[in-house]
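Spelled out, the chains give:
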Amino acid sequence: MDLATYGQNFAPFGVPETLVKLLEFDNKVGDFYSSGFELTYDDKYGIMTYSKDPAFVDSLFHVGQANGSGSIYAIWRRSGDLSENPIVAFGDEGGAQIVAQNLVGLLRILTYDAEPIIDDEKVFYYRSDADGQTSGNQAFVEWFEQNFKLKQVRTDEEMVRLIAEAENLHGE
């Protein structure tokens with residue numbers, strides 16, 4: 001996807017630098033790199049399935065698909081720089097949950113290579129040994145660790161802690 005198309009998700013703001021870097025990686029790798037995740041353009045249609053309230057819709061900026069069945073990730077702009085605002089996962093069958101403190105936190109979650117399961121009460125990421133690794137995940141983990149100087153998420157317990165930290169910081 002080109003930057004101009006993807007950038008429409010963030011009007012009237014620009015694409016956060018973290019996502020510019022991810023888009024460059026995405027275009028180079030040419031394959032999936034985290035289970036169910038894909039950078040996508042959306043004209044806020046997915047967000048408007050939750051509410052048509054303009055204040056609500058205008059505070060959310062589509063990042064991409066969160067799983068293979070229609071859940072999405074969005075930045076919830078509360079103030080300031082988009083890249084430092086919380087990330088919300090909207091479930092394809094309902095539910096909306098904060099999953100990350102910011103964009104870098106979302107990328108760290110993506111290193112776990114698991115799709116979110118989102119309902120009205122919680123979000124969790126489950127991965128079994130039978131799932132295998134997404135073909136581009138190792139390249140993504142290396143890129144992430146090099147660019148952001150953070151380690152990949154390796155356990156369910158780490159995922160639970162990261163989500164709890166985001167919820168504690170931003171509320172449920």
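Residues numbered from 1 in each chain as written. Predicted model: local features only at pLDDT ≥ 70, side-chain atom pairs only at ≥ 80, totals over all residues. Heavy atoms only, no water.

(A) Inspection of the packing of aromatic side chains at higher detail. Summed over all chains, the structure comprises 14 aromatic pairs. What links up through ring pairs into an aromatic cluster is the set Phe25, Tyr33, Phe37, Tyr73, Phe140, Trp143, Phe144 and Phe148. Here the guanidinium or amino end of arginine 78 rests over the ring plane of tryptophan 76, the centre of that ring lying 4.4 Å away. Its guanidinium or amino end placed over the ring of tyrosine 112, arginine 127 lies 4.1 Å from that ring's centre, counting from NZ or CZ. (Phe/Tyr/Trp six-rings, centres within 6.5 Å; stacked < 30°, edge-to-face > 60°. Lys NZ or Arg CZ within 6 Å of the ring centre and 35° of its normal.)

(B) View of the sheet that holds strand β5 (residues 96-100). One open sheet accounts for five strands, arranged β1-β2-β3-β4-β5; its pairing is antiparallel. Either end of the sheet is taken by a strand with one partner, and the two such strands are β1 (38-39) and β5. Set on the sheet, helix α5 (residues 103-110) makes contact with β2 (60-65), β3 (72-76), β4 (87-90) and β5; between it and β5 the angle comes to about 90°. (Pairing = 2+ DSSP bridges. Helix = DSSP H or I, 4+ residues; strand = E, 2+ residues; numbered from the N terminus. Contact = heavy atoms within 4.5 Å. Axes fitted to C-alpha atoms, helices over the stretch in contact; angles between N-to-C directions.)

(C) Representation of the pairing of β3. Of all five residues in β3, four are buried, a share of seventy percent or more. Here five bridges tie β2 to β3, and the two strands are oriented antiparallel to one another. Across the sheet, the residue bridging to glycine 64 is tyrosine 73, located in β3. Adjacent in sequence and paired antiparallel, β2 and β3 are bridged by six residues, among which glycine 70 carries a positive phi angle near 115°. Pairing analysis gives four bridges linking β3 to β4, with the strands arranged antiparallel. Each residue of the ladder has a partner; that of isoleucine 72, found in β4, is phenylalanine 90. (Buried < 20%, exposed > 50% of the residue type's maximum accessible area, 1.4 Å probe, protein only.)

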